[in-house]
Amino acid sequence: MNKIQMVDLKGQYASIKEVVNASIQEVIDNASFINGPKVKEFQANLEAYLGIKHVIPCANGTDALQIAMMGLGLKPGDEVITADFTFAATVEVIALLGLTPVLVDVDPDKFNIDIEAVKKAITPKTKAIVPVHLFGQCANMDAIMELAEAHNLFVIEDNAQAIGANFTSKNGSKAKAGTIGHVASTSFFPSKNLGCYGDGGAIFTNDDDLAHTIRGIVNHGMYKRYHHDVVGVNSRLDSIQAAVLDAKLPKLDAYNKARQSAARKYNAAFKNHKNIITPKAGNGCETICDNCDCHVFHQYTLKIQNADRDALAAHLQSKDIPCGVYYPIPLHKQKAYVDDRYNDADFKVTNTLIDEVISLPMHTELEDDQIDFITSTIIDFLSK
Ligand SMILES: *Cc1c(COP(=O)(O)O)cnc(C)c1O
């Protein structure tokens, strides 16, 4: 059995080496390192893949979120509602811009922002909701868009973890994650489902005016060379990263299928186990069916109940099985974000999840013998 990796980027590279190398070489030969043709090519290909009018590449997923909020013209004092159970980048940019973060609890099955909690958190100062499509599947975008419309709010989708996932709305229509809200952000961090070989990110929108505003913001607030109309930032996707992404984009659906296939095998092995709750897939389907398109398993995350999650994690490490706890501390308890406005009792789900969740190795190169070893090691441990 090959050594198990949490994310196997080396193994993935081995199978795409020629095309990635050729794509990178093209950038070097052209010496078009910044805003070169590869960036525009990738941008156009991603727009076509997502079915969205505008993709604006930028330097990373955190910048993408910040720039989206700047583009919407959010101002200090505006309240922005987001999930308590997510990576800190989401709340970080809200605070950095002087906006007021309003953290709310998540739902226990899909780990995404809880709609009732969002409803309760809306005040006259609320300007935006940031649903995070955590671990690879969409938040309830039907309910979020309805709330946003009723209260005149912007919706910024943090799509760093769900690129390629679909959301099927109540009326049966399908849309790709990140194309439903007013604007969305994504990250191309190497371990994300579509990752480059350094930092990268992008903003998506169907709004022509917003796209124009954002294209200026990413480039020092410049709409005409050396005319700075607004305060901007320097946030670019470099051409070498775009070359990697453009080589990998045609494989994204196959990569997501490989993740789903691994998730299906994990789910089958853990079925009906008394201590293990396997992840629930998507809107509509309870199982991960063969043509599942709603969950792209950025992480495969179990809930361990009535057993010692930390002891299990230590045992796995001792057997050379990597695992992770995403996330170990709720944002409302992080030093940087604690606030008297929060009442710990309002975060029942997050406060429980942090003790129960464990994420298993999940990537495009997982082999059956590795999955068997991981699942049997977990089941043996829990039966002791
Ligand atoms: C990775 C991630 C980000 C940040 O992306 P970077 O490219 O690392 O800046 C933001 N939000 C979520 C939910 C993420 O997983």
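Below you will find a few notes about this structure.

1. Description of the site of the ligand
Item 1. Inspection of the region around the ligand gives 13 residues, with Gly61, Thr62, Gln161, Ser187 and Lys192 positioned closest.
Item 2. Between the ligand and Asn60, the relevant distance is 3.5 Å, taken from an oxygen atom to a side-chain nitrogen or oxygen of the residue.
Item 3. Between the ligand and Asp158, the relevant distance is 2.8 Å, taken from a nitrogen atom to a side-chain nitrogen or oxygen of the residue.
Item 4. Burial of the ligand by the protein chains amounts to 91% of its free accessible area of 380 Å².
Item 5. Its residues assigned to classes, the shell around the ligand shows 4 nonpolar, 7 polar and 2 charged.

2. Quick notes on the pattern of salt bridges
Item 1. Scanning all chains against the criterion turns up 11 salt bridges.
Item 2. In this structure, Lys38 and Glu26 form a salt bridge, with 3.6 Å as the shortest nitrogen-oxygen distance. In this pair, Lys38 sits in helix H2 (residues 37-50) while Glu26 sits in helix H1 (residues 9-30), placing the two residues 12 residues apart along the sequence.
Item 3. The exposure class assigned to Lys38 is buried, which follows from its relative accessible area of 9%.
Item 4. By relative accessible area, which is 37% here, Glu26 ends up partly exposed.
Item 5. The partner of Lys119 in a salt bridge is Glu116, with the nearest N and O atoms 3.2 Å apart. Here Glu116 and Lys119 lie together in helix H5 (residues 115-121), a separation of 3 residues that amounts to about one turn.
Item 6. Residue Glu116 is classed as partly exposed on the basis of its relative accessible area of 46%.
Item 7. Overlapping salt bridges, with partners in common, bring together Glu26, Lys38 and Glu41 in one network.

3. Quick look at the sheet that holds strand E8 (residues 183-187)
Item 1. The strand order across the open sheet formed by 7 strands is E1-E9-E8-E5-E4-E2-E3, and the pairing between neighbours is mixed. Edge strands, defined here as strands with exactly one partner in the open sheet, are strand E1 (54-58) and strand E3 (100-104). Strand-to-strand twist in this sheet, taken as the mean axis angle between neighbours without regard to direction, amounts to 25°.
Item 2. The pairing of E8 with strand E9 (residues 201-205) spans 4 bridges and is classified as antiparallel. Bridge pairing links Ala184 to Phe204 in E9.

Reading the values: rules and limits
Residues numbered from 1 in each chain as written. Predicted model: local features only at pLDDT ≥ 70, side-chain atom pairs only at ≥ 80, totals over all residues. Heavy atoms only, no water. Near = heavy atom within 4 Å. Polar contact = N/O pair within 3.5 Å; in protein donor to acceptor, adjacent residues only side chain to side chain. Areas by Shrake-Rupley, 256 points an atom, 1.4 Å probe, with all protein chains shown as cover. Nonpolar A, V, L, I, M, F, W, Y, C, P; charged D, E, K, R; others polar. Salt bridge = Lys/Arg side-chain N within 4 Å of Asp/Glu carboxyl O. Helix = DSSP H or I, 4+ residues; strand = E, 2+ residues; numbered from the N terminus. Buried < 20%, exposed > 50% of the residue type's maximum accessible area, 1.4 Å probe, protein only. Pairing = 2+ DSSP bridges. Axes fitted to C-alpha atoms, helices over the stretch in contact; angles between N-to-C directions.

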